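Coordinate analysis (summary)
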Amino acid sequence: MNEENYIKNSHRFFENKDCKYFPCHNKTGPFNCLFCYCPLYLKENCPGKPVYLKIDGSVIKDCTDCTFPHEPENYELVIRNLC
C-alpha cells in the first residue's frame, strides 16, 4: 500500500490535529491517532521501543519516546500483536 493511502482517514488511520495533546510524541510526518492509548502497553514484548524505569522498586514501562503505534505503516503489526 502506498503512503498516500496510509494518510487518508479510515479504519486504519486517523489524524486528529484538533486534539489539545496533538502531537503527543515528537514525530514529524503522518501521525496515526487511531491508537491514542497504545493497545500494546500491557504487552511484555511489544514491537515498539519502550524504556523500563525502576521507581520505588517497581518497573514502569515508559513509552514517551515510542511512536510505533503512530506510524501509519505499522497498523497491521499492531493488530497482529493483539492476537
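Residues numbered from 1 in each chain as written. Predicted model: local features only at pLDDT ≥ 70, side-chain atom pairs only at ≥ 80, totals over all residues. Heavy atoms only, no water.

**Considerations on the environment of His70**
Looking at the secondary structure, you find His70 in the loop between strand 2 (58-62) and helix 2 (75-82). A sequence separation of 46 residues divides His70 from Cys24, and the C-alpha atoms of the two residues are 9.9 Å apart. Only 3.5 Å separates the side chain of His70 from the side chain of His25, close enough to count as a polar contact. (Helix = DSSP H or I, 4+ residues; strand = E, 2+ residues; numbered from the N terminus. Polar contact = N/O pair within 3.5 Å; in protein donor to acceptor, adjacent residues only side chain to side chain.)

**So, the pattern of salt bridges**
For the structure shown, the criterion picks out three salt bridges. Here Arg12 ties to Glu76 by a salt bridge, and the two come within 2.3 Å at their closest N and O atoms. Residue Arg12 is located in the loop between helix 1 (3-6) and strand 1 (51-55), and its partner Glu76 is located in helix 2; the two are separated by 64 residues in the primary sequence. Put simply, Lys27 and Glu71 hold a salt bridge, and the shortest N to O gap is 3.7 Å. Within this pair, whereas Lys27 is found in the loop between helix 1 and strand 1, its partner Glu71 is found in the loop between strand 2 and helix 2, the two being separated by 44 residues in sequence. (Salt bridge = Lys/Arg side-chain N within 4 Å of Asp/Glu carboxyl O.)

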